[in-house]
Amino acid sequence: MLFNNIQRERIRDLETPFYYYDLDLLNETLDHAKHAADKRGFHVHYALKANFNDRLLSVIQSKGFGADCVSGNEVQKAIDLGFTADKITFAGVGKSDKEIILSLQHGIFAFNVESIQEMEVINELASKLGVIAKVSLRINPNIDANTHHYITTGLDENKFGVPTSELETAASVIRQAKNVELIGLHFHVGSQITDMNVFKSLCVKVNEWKNWFEERGTQIKVLNVGGGLGVDYQLPDDNPIPDFETYFEIFDRFLERAPHQEVHFELGRALVAQSGSLITKVLYTKSGVKKHFLVVDAGMTELMRPALYQAYHKIERVDTDQEPGVLYDVVGPICESSDCFGKEVPLPQSERGDLIAIRTAGAYGEVMASHYNLRDEVRYLYSDALNLSPSL
Ligand code: LLP
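Starting from 1, residues in each chain are numbered consecutively following that chain's sequence as written. With the structure being a predicted model, the display of local features is reserved for residues of pLDDT at least 70 and the display and counting of side-chain atom pairs for 80 or more, all residues being used for whole-chain, interface and lining totals.

K.L.:
So what exactly am I meant to see when it comes to the overall build of the protein chain here?
P.N.:
Strands here are runs of E lasting at least two residues and helices are runs of H or I lasting at least four, both read from the DSSP assignment and numbered beginning at the N terminus. Counting its secondary structure elements, the protein chain contains 12 helices and 17 strands. Against the 2.2 N^0.38 benchmark of 21 Å for 392 residues, the protein chain shows a C-alpha radius of gyration of 23 Å, consistent with a compact globule. For the C-alpha atoms alone, the extent of the protein chain along its principal axes is close to 70 × 40 × 40 Å. Looking at the protein chain as a whole, 43% of its 392 residues qualify as buried. Any two residues are considered in contact once their C-beta atoms, placed from the backbone, lie within 7 Å. Of all intrachain contacts in the protein chain linking residues separated by at least 6 positions in sequence, the fraction that spans at least 24 positions is 73%. For a compact globule the rule gives 2.2 Å times the number of residues to the power 0.38, and the radius of gyration it is set against comes from C-alpha atoms. Neighbour counting defines burial: a residue surrounded by 20 or more other C-beta atoms within 10 Å of its own C-beta is buried, one with 12 or fewer is exposed, and intermediate counts give partly exposed, using backbone-placed C-beta atoms.

K.L.:
Where do I start with the domain arrangement of the protein chain in this structure?
P.N.:
Think of interface size as the accessible area that goes away when the parts come together; that is how it is often given. Each assigned domain of the protein chain is listed here: domain 1 (5-19 + 274-388) and domain 2 (23-272). Between domain 1 and domain 2, the C-alpha centre-to-centre distance is 33 Å. Gly is placed with the polar residues, together with every amino acid not listed as nonpolar (Ala, Val, Leu, Ile, Met, Phe, Trp, Tyr, Cys and Pro) or charged (Asp, Glu, Lys and Arg). Its residues placed into classes, the side of domain 1 that touches domain 2 shows 6 nonpolar, 7 polar and 4 charged. Note that domain bounds follow an automatic or database assignment of domains.

K.L.:
In this structure, what is going on with the site of the ligand? I would like to understand it.
P.N.:
Placing a C-beta atom from the backbone of each residue, we mark the residue near a molecule or strand if the atom is within 6 Å of it. Near the ligand, the surroundings consist of 21 residues, among which Ser191, Gly227, Gly268, Arg269 and Tyr364 are the closest. A breakdown of the residues in the shell around the ligand according to their chemical character gives 8 nonpolar, 8 polar and 5 charged.

K.L.:
Would you take a moment to explain the environment of Ala91 for this structure?
P.N.:
Tracing the backbone shows Ala91 in the loop between strand S4 (88-90) and helix H5 (97-106). Discounting chain neighbours no more than four positions away, the residues touching Ala91 are Asp68, Val70 and Asn112.

K.L.:
Mind showing me how you'd approach the UniProt feature "binding site: pyridoxal 5'-phosphate" (unreviewed entry) in the protein chain here?
P.N.:
In the UniProt entry, the feature "binding site: pyridoxal 5'-phosphate" (unreviewed entry) is given for Gly228, Glu266, Leu267, Gly268, Arg269 and Tyr364. Within the secondary structure layout, Gly228 lies in the loop between strand S9 (222-224) and helix H9 (244-254). For Gly228, a count of 30 C-beta atoms within 10 Å puts it in the buried group. For Glu266, the position within the fold is in the loop between strand S10 (262-265) and helix H10 (269-272). Other than its neighbours up to four places away in sequence, Glu266 contacts His45, Ala47, Asp68, His188, Asn224, Gly226 and Gly227. UniProt positions are given in the numbering used here, feature names are shortened, and annotations may be inferred rather than shown by experiment.

K.L.:
Explanation requested: the pairing of S10 in the structure shown.
P.N.:
Regular strands show a simple pattern: their side chains alternate between the two faces of the sheet. A pair of strands is labelled paired if DSSP reports no fewer than 2 bridges between them. Sheet analysis places strand S2 (residues 43-47) next to S10, joined by 2 bridges and oriented parallel. Its bridge partner being in S10, His43 is matched across the sheet by His264. Bridging between S9 and S10 involves 3 bridges; their strand directions are parallel. The partner of Val222 across the bridge, within S10, is Glu262.

K.L.:
Just checking my understanding: could you explain the environment of Pro17 for this structure?
P.N.:
Locating Pro17 in the fold gives a position in the loop between helix H1 (5-11) and strand S1 (18-21). Through-space distance from the C-alpha of Pro17 to that of Glu114 is 38 Å; in sequence the pair is 97 residues apart. Apart from the residues within four sequence positions on either side, Pro17 is in contact with Leu278, Ile279, Thr280, Asp297, Ala298 and Glu302.

K.L.:
For this particular structure, what's the right way to read the packing of helix H2 (residues 23-38) against H9?
P.N.:
For any two helices packed against each other, one specifies the crossing angle of their axes together with the interaxial distance. The angle between two axes is taken between their N-to-C directions and runs from 0 to 180 degrees, where each axis is a line fitted to C-alpha atoms and a helix contributes only its stretch in contact. Packing of H2 against H9 brings their axes to within 9 Å, and their N-to-C directions diverge by 25°. The angle between H2 and H9 places the two elements in the roughly parallel class. Handedness of the H2/H9 crossing: right-handed. When H2 is examined against H9, the residues His32, Ala33, Ala36 and Ala37 are found in contact with a partner set consisting of Phe244, Glu245 and Phe248. Residue classes in the contact of H2 with H9 are distributed as 5 nonpolar, 1 polar and 1 charged. With respect to orientation, any angle under 35 degrees is reported as roughly parallel, any angle over 145 as roughly antiparallel, any angle of 65 to 115 as roughly perpendicular, and every other angle as oblique. In this scheme the crossing of two helices becomes right-handed for a clockwise turn of the near helix relative to the far one and left-handed for an anticlockwise turn of less than a right angle.

K.L.:
I would appreciate a short explanation of the nonpolar core in the present structure.
P.N.:
It is characteristic of soluble globular proteins that their nonpolar side chains tend to be buried jointly. By size, the foremost hydrophobic cluster in this structure holds 96 residues, and its most contacted members are Tyr46, Ile88, Ile122, Val135, Val180, Leu267 and Ile356. Composition of this core by domain shows at least three residues from each of domain 1 (5-19 + 274-388) and domain 2 (23-272). Setting aside anything within four residues of it in sequence, one finds Ile88 in contact with Gly66, Ala67, Cys69, Val75, Ala78, Phe83, Ile108 and Phe109. The term nonpolar core means buried Ala, Val, Leu, Ile, Met, Phe, Trp, Tyr and Cys residues held together as one set by C-beta atoms within 7 Å.

K.L.:
Just to check I follow, could you spell out the pairing of strand S6 (residues 133-140) for this structure?
P.N.:
Taken across its 8 residues, S6 has 8 buried, putting it largely inside the fold. Neither face of S6 is open: one carries Ala133, Val135, Leu137 and Ile139, the other Lys134, Ser136, Arg138 and Asn140, and all of them are buried. Two strands pair when backbone bridges link them, and strand S5 (residues 110-113) and S6 are joined in this way by 3 bridges, in the parallel orientation. Across the sheet, the residue bridging to Asn112 is Ser136, located in S6. By convention, a crossover is right-handed whenever its connection, traced from the first strand over the helix to the second and viewed with the strands pointing away, goes clockwise. Following the backbone out of S5, through helix H6 (residues 116-129) and into the adjacent parallel S6, one traces a crossover that is right-handed.

K.L.:
Would you explain helix H8 (residues 196-215) in this entry?
P.N.:
Expected helix span is computed as 1.5 Å times (number of residues minus one). The end-to-end C-alpha distance of H8 is 29 Å, a good match for the 28 Å that 20 residues give at a rise of 1.5 Å each. For H8, the complete set of buried residues consists of Val198, Phe199, Leu202, Lys205, Val206 and Lys210. Angular distribution of buried residues about the axis of H8 spans 135°; they occupy a single face of the element. Away from its buried face, by an angle of more than 90 degrees, H8 presents the exposed residues Asn197, Asn211 and Glu215. The elements touched by buried residues of H8 are strand S8 (180-186), S9 and H9. Regarding the arc, it is the one traced by the directions from the helix axis to the C-beta atoms.

As structure tokens, then:
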């Protein structure tokens, strides 16, 4: 149950829809991840793209995570929220000159470089500024992450990284580039990966390419294996925290690393997904010829994942303990048929004004919101406000 009876009273009259963030669960999740990583000497950079909400980011920063950014604005936000430059990486296939310059000026830890041409541009811009850019080369290892095809990234056909056939050229460009220092190799094969064998295969590839570089006399300091650890969208109430132990253990066992080599991760979803829920109110109930609909006041504009990837999110009533008795299609107000959060969702008999939670929405939820249909800005509620403020 997301809310106890007192909390239910407190949220009843709040304006909806809003994202609810459970900061206790966030803290607990982060502690699990940090503990499992620290004891193996691993470094985790949180992927801001999953959620760059200031409040969440501040908690993440305070726990000692680094920041993995994919735009100049994300780099700037990380700096503004207290991440030190030496813990910031900048990834992405399309870094603009302006974004590269900003990151060079801040002196970030490393650029994850996605093409030979990008390497040349970074070298040129770094030379103009009179600085050395530290870079990791993103290699496309051609691994199938067995996940939704929109979020798989490590196949030959994907736009990400340098294909292995171009590594010889990349290595020689790097050797000649005076203002670029290669510190690492970067891999990321996809997101929402639940099959741990994918990470084993990744380790094999990382070992292979690390050796390839070392045989050619290039020492590699950082092995960045990306992110991608999936979460259980079924959200078992008793265990919402992803299994970080098993995940990190795979890399500990299968990655061959010398004592001087650091292992870096870029986790996004697994750190924040379970802590967020989208709370929405039933506006209308409709019974079609074959269907019962609940029209709610949140739409694909607040949470796009179901419309975009047919993603499953658990849907439940948050204001009653009644057992489900009706199958509803839960749909939003946006003028698109894909604006549907779930079909034939078992829920208690519901009425106008009832409150619904769409769970596991802490990652790639709020950040992918849009203004389509000129919708309102996204609203939030944090669990500490609910626990402490009697006036809510
Ligand atoms: N590193 C790189 C290079 C990435 O491209 C990503 C995610 C991550 C790290 C973080 O991956 P995570 O640990 O969160 O799986 N919007 C989609 C997910 C897109 C993921 C993009 N890249 C969704 O809602 O499922």
